[in-house]
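What follows is each chain in one-letter form.
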Amino acid sequence: MRNFDYLEPVTVAEACALLKQYAGEAKVFAGGSHLTILMKQGLYQPKALVNIKKISELKGIKYDAKEGLCIGALVTHREIETSALVREKFPVLSDAEREVANIRVRNMGTVGGNLASGEPLTDLSQIFIALDGKAKISGPNRERIIPVEELFIDFYTTSLAEDEILTQVVVPPLPARSSIEYIRFSSSSVVDKPSAGVAVRLTLDSSGNAIQTARIVLGCVGATPVRARQAEASLAGKGLTPQLAEETGSAASQECNPTSDLRGSEHYKRAIVRTLVKRAAMTAYKRATSA
Amino acid sequence: MKKPISLKINGTERHAEVEPRTTLLEMIRDQFNLTGAKLGCDIQVCGACTLLLDGKPVSACSVLAVDVDGREVLTIEGLGQNNALHPVQEAFMEFGALQCGYCTSGFILTAKALLDEIPQPTDEQIRDYLAGNFCRCGCYQEIMQAIRNVAKIS
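Keep in mind it's a predicted model, so treat the numbers as computed, not measured.

Rules and cut-offs
- Residues numbered from 1 in each chain as written.
- Chains lettered and ligands numbered in written order.
- Predicted model: local features only at pLDDT ≥ 70, side-chain atom pairs only at ≥ 80, totals over all residues.
- Pairing = 2+ DSSP bridges.
- Helix = DSSP H or I, 4+ residues; strand = E, 2+ residues; numbered from the N terminus.
- Contact = placed C-beta atoms within 7 Å.
- Axes fitted to C-alpha atoms, helices over the stretch in contact; angles between N-to-C directions.
- Nonpolar A, V, L, I, M, F, W, Y, C, P; charged D, E, K, R; others polar.
- Parallel < 35°, antiparallel > 145°, perpendicular 65-115°, else oblique.
- Left-handed = near helix turned anticlockwise from the far one by under 90°.

## Digging into the sheet that holds strand E14 (residues 226–227) of chain A
All names here are of chain A.
So, point 1. One open sheet accounts for four strands, arranged E11-E12-E13-E14; its pairing is antiparallel. The open sheet terminates on both sides in strands that have one partner only, identified here as strand E11 (178–185) and E14.
So, point 2. Direction of pairing for E11 relative to strand E12 (residues 196–204): antiparallel, over a ladder of eight bridges. Bridge pairing in E12 places Glu181 opposite Val200.
So, point 3. The strands touched by helix H11 (residues 266–290) are E11, E12 and strand E13 (211–219); relative to E12, the strand with the most contacts, the crossing angle is about 30 degrees.

Structure, rendered in structure tokens:
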């Protein structure tokens, strides 16, 4: 690993000022589980690391009835996994976290780092997008809030400017008559990165039978998480039958762009996506209609 | 530029001067001569370098030493007390839960963290918690027996 300046700001403003000063040559360092590996491999050689761990406002999980679940950028995977609050409000997140990497990575890795790394082989992003999650971002003298979906541009590339920090993820309360299901598929060891991860959120209309809105988000099968918009649209106004679920899965599998790698060929991953979308939609629908 | 840091290692306050790029594993092995933790995969997959940081398992290969300033590290060398082995160490011996031993310190520290958190874990909880520690000699059944046994006795 190349050496670098090591900086420990205690406020967000200070951190952003340091990032600005290094003009793109500094990296934000949170848990470090992603960054240290890439630095050891020489893929990143930043002039400085801006360690944000001492910024206390980036810590903690809280719930606000209006705003929803607010997850600080420094919250670790393990905190989400074990939080009683998350388990009560969004059990889909607790269940997904159980399968993320291994206990050591979950102890170190943070939500902010997970999203800001732009790593496509991950789980949280597709769940947040299916839940209409927002990302709070701070830069020098400015703040903005964007849908989590708009964070991702390409492999390892996000819409964060070089002097900006992702400070919080906000997951709004689930609308009435809604349910979400997330299924990840891992090709070999349980702790491997997922081959595909599919989140389906369905919201029913006032009849309680027909789907009003659907979110189908496909992870790990493209440079960024992908919304299967045609598959989503095909569900609107309809009750979900096994045949419709099958068709939706097929449609979704054509809306992603998987790469053939050691976690499966492109053809194989599309087949997995088809099946996972079908299963997740059926489960979410069953839960929403019986609630 | 070296940076001075202070941390607790196995209960004792220690000081070191480290370059920002030095990993926790390099510092623990090379500066403090605590060589129980091993370098394995170097990408947080295998668990051979596991140390407990503030009581929680981490991959020391991927933690920066500068980032543990003011924190507490437990290594396998600090696990037993007064020349007596820790119950998990005893159980690993009793059940033959190792062959070459390369993964052992990582397994034992992870098992200790598990039992601190969940004193009576189910088999599923043991498997979940230890899923990220690899034993290439294949002592998994014996490791399960050893941990089950410690949980039963305590």
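Right, picking up where we left off after that structure.
## A few points about the interface of chain B and chain A
So, point 1. Contacts between chain B and chain A engage 22 residues on the former and 22 residues on the latter.
So, point 2. Elements that contribute at least two residues to the side of chain B that touches chain A include exactly strand E4 (56–59) and helix H4 (123–130) of chain B.
So, point 3. Per-element tally for the side of chain B that touches chain A: the top contributor is E4 of chain B, with four residues.
So, point 4. The class makeup of the residues in the side of chain B that touches chain A is nine nonpolar, six polar and seven charged.

## Things to note about the packing of helix H2 (residues 87–94) of chain B against helix H5 (residues 140–153) of chain B
Residues and elements named next belong to chain B.
So, point 1. For the pair H2 and H5, the least separation of the axes is 8 Å and the interaxial angle reads 135 degrees. Between H2 and H5, the angle is such that the two are oblique. By crossing handedness, the relation of H2 to H5 is classed as right-handed. Contacts between H2 and H5 involve Pro87, Val88, Ala91 and Phe92 on the former and, on the latter, Ala146, Asn149 and Val150.
So, point 2. Its residues placed into classes, the contact of H2 with H5 shows six nonpolar, one polar and no charged.

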